[in-house]
Amino acid sequence: IATVPLLSMDRLRPGFPTGTKGNFEKIHALRRKLALAKDFVGKCDDAGTLVVRSLVDPDHGNKAREHLMEGGVLLYMYSLRDLVHGIDGRLLKWLTKAVKSLEAHVQNCESCQNRGHVCSICKDAKISRLVYPFDLPKVSKCPGCLTIFHRACLDKKACPRCKEIAFQRRRNLVKVT
């Protein structure tokens with residue numbers, strides 16, 4: 001039972017992970033990034049799914065860690081073991097290793113790189129500047145259209161897609177009237 005994610009930390013401690021002992025702010029940020037990276041790499045045509053499976057392989061001491069890679073409501077679910085390992089540093093170490101493993105796959109996988117996005121604000125198409133949804137905190141998602149951009153670019157300029165959508169709506173209204 002110690003490995004079953006039964007504790008919903010956002011309900012047990014409103015405002016979680018802010019103000020917690022141990023490394024839980026870092027752990028929570030890594031879990032969020034890991035969930036996004038897992039979803040991205042899980043769609044890989046090449047060996048991405050093998051990388052994801054290896055992270056939860058019981059033969060590598062990773063039994064009952066699948067929930068740590070899930071987003072949504074499960075992002076706040078922890079087991080007793082997770083809490084103990086969060087305090088002693090083992091969970092932070094495992095999450096850091098898991099995130100680095102998925103990032104390394106993306107950097108070395110042509111299929112995954114082809115699914116990266118070019119920021120439509122700076123339009124920098126270099127492989128090193130591609131935008132990936134899991135590349136937190138370097139990316140921002142437009143709340144209006146959910147397009148992702150470099151955080152620095154979206155901080156400086158308005159979302160070009162939302163501007164275009166607004167322009168099209170205004171133009172269509174003028175045609176109708």
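Residues numbered from 1 in each chain as written. Predicted model: local features only at pLDDT ≥ 70, side-chain atom pairs only at ≥ 80, totals over all residues. Heavy atoms only, no water.

Outline helix 5 (residues 90–108), listing residues and values.
An ideal rise of 1.5 Å per residue puts 27 Å on 19 residues; helix 5 measures up with 27 Å between its terminal C-alpha atoms. Of all the positions in helix 5, only L91, L92, W94, L95, A98, V99, L102, E103, H105 and V106 are classed as buried. In a view along the axis of helix 5, the buried residues occupy a sector of 170°, so they form one face of it. Exposed side of helix 5, more than 90 degrees from the buried face: K93, K97, K100, Q107 and N108 are the residues found there. (Helix = DSSP H or I, 4+ residues; strand = E, 2+ residues; numbered from the N terminus. Expected span 1.5 Å × (residues − 1). Buried < 20%, exposed > 50% of the residue type's maximum accessible area, 1.4 Å probe, protein only. Arc of directions from axis to C-beta.)

Quick rundown of the pattern of salt bridges? Include the residues and the values.
All told, the structure shown has 5 salt bridges when counted by the stated rule. Between D39 and K38 there is a salt bridge whose closest N-O contact spans 3.8 Å. Under the relative-accessibility criterion, D39 is labelled partly exposed at 41%. With relative accessibility at 16%, the residue K38 sits in the buried group. Residue R129 is joined to D124 by a salt bridge in which the shortest nitrogen-to-oxygen separation is 3.3 Å. Given a relative accessible area of 32%, R129 falls into the partly exposed group. Within the structure, one salt-bridge network assembled from shared partners comprises K38, D39 and E70. (Salt bridge = Lys/Arg side-chain N within 4 Å of Asp/Glu carboxyl O.)

So what's going on with the nonpolar core? Residues and values would help.
Nonpolar side chains in soluble globular proteins tend to be buried together. Core analysis: the largest hydrophobic core is formed by 30 residues, its most contacted members being L34, Y78, W94, L95 and L102. Put simply, the parts of the chain that give this core at least two residues each are helix 2 (24–41), helix 3 (48–55) and helix 5. Looking at which element gives the most residues to this core, the answer is helix 5, with 8 residues. The contacts of L95, once residues within four sequence positions are left out, are I27, L30, R31, L34 and L68. In terms of nonpolar packing, the next biggest core, distinct from the first, is built from 12 residues, V131, F149, L154 and C159 among them. (Core = buried A, V, L, I, M, F, W, Y, C linked by side-chain atoms within 4.5 Å. Contact = heavy atoms within 4.5 Å.)

Hey, could you go over a nonpolar patch on the surface for me, with residue numbers and the actual values?
Together, I1, V4 and L6 line one region of the surface with nonpolar side chains, adding up to about 330 Å² of accessible area. Within the element layout of this structure, L6 appears in the segment before strand 1 (7–8). Since its relative accessible area comes to 53%, L6 is described here as exposed. (Patch = residues over 30% accessible without salt bridge, like charges linked within 9 Å, V, L, I, M, F, W, Y side chains within 5 Å. Areas by Shrake-Rupley, 256 points an atom, 1.4 Å probe, with all protein chains shown as cover.)

Lay out the packing of aromatic side chains in plain terms, naming residues and giving numbers.
The relative placement of two aromatic rings is captured by the distance of their centres and the angle of their planes. Enumeration according to the criterion identifies 6 aromatic pairs in this entry. Aromatic pair F40 and Y132: ring centres 5.4 Å apart, planes at 85°, arrangement edge-to-face. Remark: Y132 occurs in the loop between helix 6 (110–113) and strand 3 (139–141) and F40 occurs in helix 2; sequence separation between them is 92 residues. Across this residue pair, the class does not change: F40 and Y132 are buried. Following the ring pairs from residue to residue traces out a cluster consisting of F16, F24 and Y78. Here the basic side chain of R115 rests over the ring of F40, its NZ or CZ set 4.0 Å away from the ring centre. (Phe/Tyr/Trp six-rings, centres within 6.5 Å; stacked < 30°, edge-to-face > 60°. Lys NZ or Arg CZ within 6 Å of the ring centre and 35° of its normal.)

Tell me what's going on with the environment of A64, and back it up with residues and numbers.
Position of A64 relative to the elements: it lies in the loop between helix 3 and strand 2 (77–78). Sequence-wise, A64 and P137 are 73 residues apart; in three dimensions their C-alpha atoms are separated by 28 Å.

Requested: an account of the environment of L30, with residues and values cited.
Locating L30 in the fold gives a position in helix 2. Exposure remark for L30: the relative accessible area of 18% places this residue in the buried category. For the pair L30 and L68, spaced 38 residues apart in the sequence, the C-alpha separation amounts to 9.5 Å. Excluding residues within four positions of it along the chain, L30 makes contact with L92, L95, T96 and V99.

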